[in-house]
Number of protein chains: 2
Amino acid sequence: MKLTTRSEYALLALIHLARHEGDEYVPVAAIAEAQGVPHRFLEQLLLVLKRARLVKSQKGQRGGYRLARPPAKISLAEVIRLLDGALAPTESVSTYFYEPTPVERERRLLRVFQEIRDLVAAKLEKTTLADVR
Amino acid sequence: MKLTTRSEYALLALIHLARHEGDEYVPVAAIAEAQGVPHRFLEQLLLVLKRARLVKSQKGQRGGYRLARPPAKISLAEVIRLLDGALAPTESVSTYFYEPTPVERERRLLRVFQEIRDLVAAKLEKTTLADVR
DNA sequence: AGTATTCCGACGGGACTAGTCGGGTAAGGA
DNA sequence: TCCTTACCCGACTAGTCCCGTCGGAATACT
C-alpha cells in the first residue's frame, strides 16, 4: 500500500516542469533544488522518464528537461506505474503483471482487491499533471 | 501500492476460521494445509492476530485458534493495518502514522493521495470477513 | 506420562530502496 | 578550438524490509 520515493520525486519533477512550460529545458539541478530532492538521484529518475518519452532532454549548456506532452496528457497513473510497477494491492490482481498465488482461490477476497485496484487506477488515470500543477 | 504476504496469509487464515466457526479451535497445521501457506510462518501471524484480540487461542491437545468476534465484526482494514501498517499510498497522508516529507508542499498532489487513501480505507473498512468468507 | 499444540525470540538469505560515484558524451559559448 | 555546462550510463553500497526457518519453552488434554 505504499509508494516509493522514486515515483514521488518523479511526480515532483514533472510538476515543476509543468509549471515552467515556457522556459524550455530546465536543468536537473534547478528542479532538484526547487523541489528539495537529491540532484544525482533525480537525474536517474528523469532518465527513466525520458526513455518512456514523458520528457525530452537537451544536452550541453542551456540544456535540461522539458515535458514531451502537455500536462493534461500525462496521468499520474502512467508515472507511478513506470517507476513503481503495478498499481494493484496484490500481485494476482493486476491486469498488467500476472502471477499466480495462493490467494487466488479465494474469489471473494480477490474480487475486493480487484475493485480497489479499479478504484485507485481510475482515480490516478484521470488525474493529470494539469490537475496538480 | 502493494500488500505483503503477511496480511494476505492472515486474511486467508481468518477466512478459514470464519468458515469453521462451530468447530472451535482449529490448529495452525490444519489452516496452513487448507490454505497452502507455510505452517511455521503462519504461526507467527496468528500470534500477532491473537495479541490484537482478533482471535483466541487454546494450547495443547484439541487446541488451536478461533475467531474472537463474529466475522461481520472483523474488517479487512483492521487486519491489513495490523500486519502491513498504514493504508495510505504515501507516508505523509496517513491519519494513523504521520511523518513529514518533501511531497507535503505539493498540496494538490497530496490531496489526490488523500482521496485515494479515503477511497481504499472506506472500502476495506466496510468489507468484513462475513463478506469474503 | 506422553503427546499435541501454542508461544517466543533469534536468525538468515534475498530482494529492494535510496542514494552515491566516476566518468563518458554532446551542445553552446567565447 | 577549447572550455564549461549539462545530460547520460553503469556500477556500487549501505541499510531496511520481507519471507520465512529453527529450537525450544510452556501448557493443556488424554
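See above for the structure.
Predicted, not measured: the structure shown is a model, and the values here were computed from it. Along each chain, numbering runs from 1 in the same order as the chain's sequence is written. The order in which chains are written sets their letters, starting at A; the order in which ligands are written sets their numbers, starting at 1. Given that the model is predicted, a residue must reach a pLDDT of at least 70 before its local features are reported, and side-chain atom pairs must reach 80 or more before they are shown or counted; all residues, however, enter totals for whole chains, interfaces and linings. Only heavy atoms go into the side-chain values, all of them from the structure, while hydrogens and water stay out.

### Concerning the environment of Leu124 of chain B
Item 1. Numbering of helices and strands starts at the N terminus; helices are DSSP runs of H or I of at least 4 residues and strands are runs of E of at least 2. Position of Leu124 of chain B among the secondary structure elements: in helix H5 (residues 107–126).
Item 2. For Leu124 of chain B and Ala52 of chain B, which are 72 residues apart along the polypeptide, the C-alpha to C-alpha distance reads 18 Å.

### What about the protein's contact with DNA strand C?
Item 1. Inspection of the region around DNA strand C gives 28 residues, with Arg40 and Gln44 of chain A together with Val28, Ser57 and Tyr65 of chain B positioned closest.
Item 2. Gln61 of chain A places a side-chain nitrogen or oxygen 3.1 Å from a sugar or linking oxygen of DNA strand C.
Item 3. Of the residues forming the surface near DNA strand C, the biggest block, six residues, is contributed by helix H3 (residues 39–51) of chain B.
Item 4. For the surface near DNA strand C, the residue count by class is seven nonpolar, twelve polar and nine charged. Whether a residue is near a molecule or strand is decided by its heavy atoms; if any one of them lies within 4 Å of it, the residue is near. Within 3.5 Å is the distance limit for a polar contact, defined as a pair of N or O atoms, with the added protein rule that one can donate a hydrogen and the other accept it, and that residues adjacent in sequence qualify only through two side-chain atoms. Residues are grouped as follows: Ala, Val, Leu, Ile, Met, Phe, Trp, Tyr, Cys and Pro are nonpolar; Asp, Glu, Lys and Arg are charged; every other residue, Gly included, is polar.

### Examining a positive patch on the surface
Item 1. Taken together, the side chains of Lys50, Arg51, Arg53 and Lys59 of chain B define a basic patch exposed on the protein surface.
Item 2. With respect to the secondary-structure elements, Arg51 of chain B resides in helix H3. Here, patches come from residues exposed beyond 30% relative accessible area and free of salt bridges, joined within 9 Å for like charges and within 5 Å for nonpolar side chains (Val, Leu, Ile, Met, Phe, Trp, Tyr). Accessible areas in this description were obtained via Shrake-Rupley with a 1.4 Å probe; residue shielding takes into account the shown protein chains only. By salt bridge we mean one thing: a side-chain nitrogen of Lys or Arg within 4 Å of a carboxyl oxygen of Asp or Glu. Counted charges follow a simple rule, with Lys and Arg positive, Asp and Glu negative, and His plus the chain ends left uncounted. One atom stands in for each charge, and that atom is NZ of Lys, CZ of Arg, CG of Asp or CD of Glu.

### Points about the pairing of strand S2 (residues 64–67) of chain A
As a general feature of sheets, a regular strand has side chains that alternate between the two faces.
All names here are of chain A.
Item 1. A pair of strands is considered paired only if DSSP assigns at least 2 bridges between the two. As judged from the four bridges shared by strand S1 (residues 55–58) and S2, these two strands associate in the antiparallel manner. Within S2, the position partnered with Lys56 by the bridge is Arg66.
Item 2. Taken together, S1 and the strand that follows it, S2, pair antiparallel across an intervening segment of five residues, in which Gly60 is found at a positive phi of about 70 degrees.

### As for the packing of helix H1 (residues 5–19) of chain B against helix H2 (residues 28–35) of chain B
Residues and elements named next belong to chain B.
Item 1. Orientation is described by axes fitted as lines to C-alpha atoms, over the contacting stretch for helices, and by angles from 0 to 180 degrees between their N-to-C directions. Contact pair H1 / H2: the axes reach a minimum separation of 10 Å and the direction vectors enclose 110 degrees. Considering their axes alone, H1 and H2 lie roughly perpendicular with respect to each other. Along its contact with H1, which presents Leu12, Ala13, His16, Leu17 and Arg19, the element H2 presents Ala30, Ile31, Ala34 and Gln35.
Item 2. Looking at the contact of H1 with H2, its residues break down into six nonpolar, two polar and one charged. Roughly parallel here means an angle under 35 degrees, roughly antiparallel means over 145, roughly perpendicular means 65 to 115, and every remaining angle is called oblique. Residues are treated as being in contact if the distance between any of their heavy atoms lies within 4.5 Å.

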